[in-house]
Each structure stands twice: as C-alpha cells, then as structure tokens.
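Observations on chain architecture
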Amino acid sequence: MIATLVHIWVKKPFVDAFVRETIENHLHTVKEPGNLRFDFLGDARDPCKFTLYEVFESPAAVDDHKKTAHYLKWKETVAEWMEQPRQGVPHHVIYPTDPASW
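Attention here is on the structure that accompanies the text. Please read these numbers as outputs of a predicted model, since none were measured by experiment.

Calculation criteria
Residues numbered from 1 in each chain as written. Predicted model: local features only at pLDDT ≥ 70, side-chain atom pairs only at ≥ 80, totals over all residues. Heavy atoms only, no water. Helix = DSSP H or I, 4+ residues; strand = E, 2+ residues; numbered from the N terminus. Expected span 1.5 Å × (residues − 1). Buried < 20%, exposed > 50% of the residue type's maximum accessible area, 1.4 Å probe, protein only. Arc of directions from axis to C-beta. Axes fitted to C-alpha atoms, helices over the stretch in contact; angles between N-to-C directions. Parallel < 35°, antiparallel > 145°, perpendicular 65-115°, else oblique. Left-handed = near helix turned anticlockwise from the far one by under 90°. Contact = heavy atoms within 4.5 Å. Nonpolar A, V, L, I, M, F, W, Y, C, P; charged D, E, K, R; others polar. Phe/Tyr/Trp six-rings, centres within 6.5 Å; stacked < 30°, edge-to-face > 60°.

Turning our eyes to something else, we now look at helix α1 (residues 15-29). Over its 15 residues, α1 extends 20 Å from the first C-alpha to the last, a length consistent with the 21 Å expected when each residue adds 1.5 Å. Of all the positions in α1, only Val15, Ala17, Phe18, Thr22, Asn25 and Thr29 are classed as buried. Buried positions in α1, seen along its axis, are confined to an arc of 155 degrees and lie on one side of it. The outward face of α1, more than 90 degrees from its buried face, is lined by the exposed residues Asp16 and Arg20.

Listed below in structure tokens is the structure:
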C-alpha cells in the first residue's frame, strides 16, 4: 500500500474555490480501482492549509490516478491558487495491512 500526506497552502482569496474543486476530485478518486482512502482535511488553526490523506493499493494505482481526467483537471485548476508548491510526504502503512480493512 502507498500512503501519502499531501500538505497544501492556498492563497486566501481562493480557499472556497479550492475546497469545491478538491471535493469534486475526491468524489471521483474514491471510485477508482486501487484507491483505499482519499481524505480531505482542513487545518484547525490555519484556514488556508489543507492536507490530503491518500492511500492506494499499489504504485500502479497511484500512477493510474495521476492519469485520470479529474486529477489532471484538479491539478491544473488549483495550481495558481497555491501559496507554495504542495508537499507530498510518502508513508509506510504499518497497520492495517489488509486492504479489506480499509
């Protein structure tokens, strides 16, 4: 399994639009084969900071996700709204190890 925490800082005027676009991306991503989690989180202290918690079954599932129309649309749409480049931090899944548990 591939787990990634993606940290995103959005320019204040674009926060509402970013939330709308990211929810749309989420709604499609959770239907993808190989996606186990795709959570969209907002920082409790900073309304301009967000985190995506993504878990995919395999590197191939991640690669497939990055080729989808909804991901490519999201990536292009939100690019100019970011205060700084997003930071994806890969993690090892320690537990649960069975994809059926997700």
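Okay, the packing of α1 against helix α3 (residues 69-78) next. Two measures define how a pair of helices packs: the angle their axes make with one another and the distance between the axes. Two numbers describe how α1 lies on α3: the axes approach to 9 Å, and their chain directions differ by 165 degrees. Here α1 is positioned roughly antiparallel relative to α3, judged by the angle of their axes. Judged by the sense of rotation from one axis to the other, the crossing of α1 with α3 is left-handed. Contacts between α1 and α3 involve Phe18, Glu21, Thr22, Asn25, His28 and Thr29 on the former and, on the latter, His70, Tyr71, Lys73, Trp74, Thr77 and Val78. For the contact of α1 with α3, the residue count by class is four nonpolar, six polar and two charged.

Geometry of an aromatic ring pair is reported as the spacing of the ring centres plus the angle between the planes. Enumeration over the complete set of coordinates arrives at six aromatic pairs. Here phenylalanine 18 and tryptophan 74 contribute two aromatic rings whose centre-to-centre distance is 6.3 Å and whose plane-to-plane angle is 55 degrees, an arrangement assigned as tilted. On the criterion of sequence distance, the pair formed by phenylalanine 18 in helix α1 and tryptophan 74 in helix α3 is long-range, its members being 56 residues apart. When sorted by exposure, phenylalanine 18 lands in the same class as tryptophan 74, which is buried. Here the aromatic cluster, defined as three or more aromatic residues joined through ring pairs, consists of Phe18, Phe40, Phe50, Tyr71 and Trp74.

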